[in-house]
Amino acid sequence: MKERIIVAIGGNAISKEGEKGTIKEQRRNIVSSLQPILGLVKKDFEIVITHGNGPQVGNALIKEELGKDIVPAYPLDVLNAETQGSLGYLISQGLHNCILINEMEKQVVTVITQVVVDKEDRRFQDPSKPIGPFYTQEEAERLGKGPENATYIEDSGRGYRRVVASPLPLHIIEKDAVESLLKADFLVICAGGGGIPVIKENGYLKGVEAVIDKDFASALLAAELNADYYFILTGVEQVAINFGKPDQENILKMTVSEAKKHLEDGQFPKGSMGPKIEAAIYFLEKGGKNVVITSLDKVEEALQGKTGTRIIPDGKP
């Protein structure tokens with residue numbers, strides 16, 4: 001049987017810092033990001049690509065703010081669906097063209113993905129995920145008194161931003177569809193931006209105002225699809241302890257217990273590597289086999305164990 005790989009690409013790889021975020025820029029960045037994945041296609045893996053959408057949803061929220069007196073505003077779950085669709089289109093088209101240029105054969109499809117969360121998740125009472133544009137304190141206070149009853153907090157000295165809940169993902173609604181597509185030899189793009197958060201009420205689905213952490217959603221997808229590898233692509237080649245210090249130590253391999261110990265010791269901050277390590281542990285404790293964290297350009301070398309950081313279950317050789 002073919003080995004199965006879930007590859008999670010960050011939204012900032014598509015809209016880079018300092019750029020305007022035009023479609024032309026996003027297309028260029030997507031094609032650049034996809035080059036390493038072509039090597040996996042050549043090796044005939046079953047491949048699922050997930051991606052972030054933070055910058056794109058942020059832009060959509062700015063449009064909502066500017067156009068609120070002209071057109072009806074959309075809720076956050078619909079904006080997530082919109083950006084899943086638009087980014088899925090750009091990524092699938094980029095992949096299709098790259099596959100043709102390299103004279104390869106592979107069909108590509110995007111699946112708009114809903115992810116079930118628990119409506120009783122305590123995180124709904126403690127919103128913590130910053131989204132959208134920055135505001136002054138005065139603007140945030142005014143907006144916070146609006147009919148949406150939104151919460152705004154100061155974000156790293158850059159201004160005030162709206163925060164929403166970030167509940168844990170429980171189940172991928174379209175999991176069986178993705179499974180069928182993989183078995184039919186499609187390369188699948190799904191769970192963009194962590195998926196569309198939905199709750200179940202009397203058995204029916206309903207979208208909610210929240211953002212699911214994309215790495216956790218990808219980890220859940222990898223577990224539900226029984227993936228052999230979960231790749232988290234980030235801005236560094238390897239995970240490190242004592243990062244940025246004279247005694248920095250890059251890690252080639254660690255177990256779940258070692259990863260937990262480093263987390264407890266504060267080696268992986270919440271604003272950077274922490275959520276990725278937590279997502280890796282989440283996947284492995286649900287029966288996953290391998291997590292690899294590395295940069296885009298080192299995918300094939302990391303797969304061979306030459307670089308990157310591989311996290312494995314306790315007791316695995």
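Residues numbered from 1 in each chain as written. Predicted model: local features only at pLDDT ≥ 70, side-chain atom pairs only at ≥ 80, totals over all residues. Heavy atoms only, no water.

Topic: the pairing of strand E2 (residues 46-51)
Now for step 1: Burial of E2 is extensive: 6 of the 6 residues sit out of reach of the surface.
Now for step 2: Two elements, strand E1 (residues 4-9) and E2, share 6 bridges in a ladder whose sense is parallel. Pairing of Ile5 across the sheet is with Ile47, part of E2.
Now for step 3: Between E1 and its parallel partner E2, the chain crosses via helix H1 (residues 23-42), and the hand of that crossover is right-handed.
Now for step 4: As judged from the 2 bridges shared by E2 and strand E9 (residues 186-190), these two strands associate in the parallel manner. Directly across from Val48, in E9, lies its bridge partner Val188. (Buried < 20%, exposed > 50% of the residue type's maximum accessible area, 1.4 Å probe, protein only. Helix = DSSP H or I, 4+ residues; strand = E, 2+ residues; numbered from the N terminus. Pairing = 2+ DSSP bridges. Right-handed = clockwise from strand over helix to strand, strands pointing away.)

Focus: helix H8 (residues 274-285)
Now for step 1: Taking 1.5 Å per residue as the helical rise, H8 with its 12 residues ought to reach 16 Å, and the 17 Å between its terminal C-alpha atoms agrees with that figure.
Now for step 2: For H8, the buried fraction is high: 10 of the 12 residues fall into the buried class.
Now for step 3: Among the residues of H8, Gly274, Pro275, Lys276, Ile277, Ala279, Ala280, Ile281, Tyr282, Phe283 and Leu284 are the ones counted as buried.
Now for step 4: Looking at the buried side of H8, the elements it contacts are helix H6 (214-224), strand E12 (229-234), strand E15 (253-255), helix H7 (256-264), strand E16 (290-295) and strand E17 (309-312).
Now for step 5: Residue Gly287 follows H8 closely and has a positive phi angle near 105 degrees. (Expected span 1.5 Å × (residues − 1). Contact = heavy atoms within 4.5 Å.)

Observations concerning the pairing of E9
Now for step 1: Across the 5 residues of E9, 5 count as buried, placing the element largely inside the fold.
Now for step 2: Here E9 shows no split at all, with Phe186, Val188 and Cys190 on one side and Leu187 and Ile189 on the other all buried.
Now for step 3: Where strand E3 (residues 107-111) meets E9, 5 bridges bridge the pair, whose relative direction is parallel. Along E9, the bridge assignment pairs Thr110 with Ile189.

Let's talk about H1
Now for step 1: With 20 residues, H1 ought to run about 28 Å at 1.5 Å a step, and its terminal C-alpha atoms sit 28 Å apart, in line with that.
Now for step 2: Of all the bends found along H1, the most pronounced is centred on Gln35 and spans about 40 degrees, while Pro36, a proline, follows it within four residues.
Now for step 3: Here H1 has its buried residues at Glu25, Gln26, Asn29, Ile30, Ser33, Leu34, Pro36, Ile37, Leu38, Gly39, Leu40 and Val41.
Now for step 4: The inward-facing, buried residues of H1 contact E1, E2, helix H2 (54-67), helix H3 (76-101), E9 and helix H9 (299-303). (Bend = angle between axes of the 7 residues up to and from the residue.)

Comments concerning the environment of Asp126
Now for step 1: In this fold, Asp126 is placed in the loop between strand E4 (114-116) and strand E5 (129-135).
Now for step 2: A sequence separation of 18 residues divides Asp126 from Val108, and the C-alpha atoms of the two residues are 38 Å apart.

Take it as geometry only, folks, not as evidence of what the structure does.
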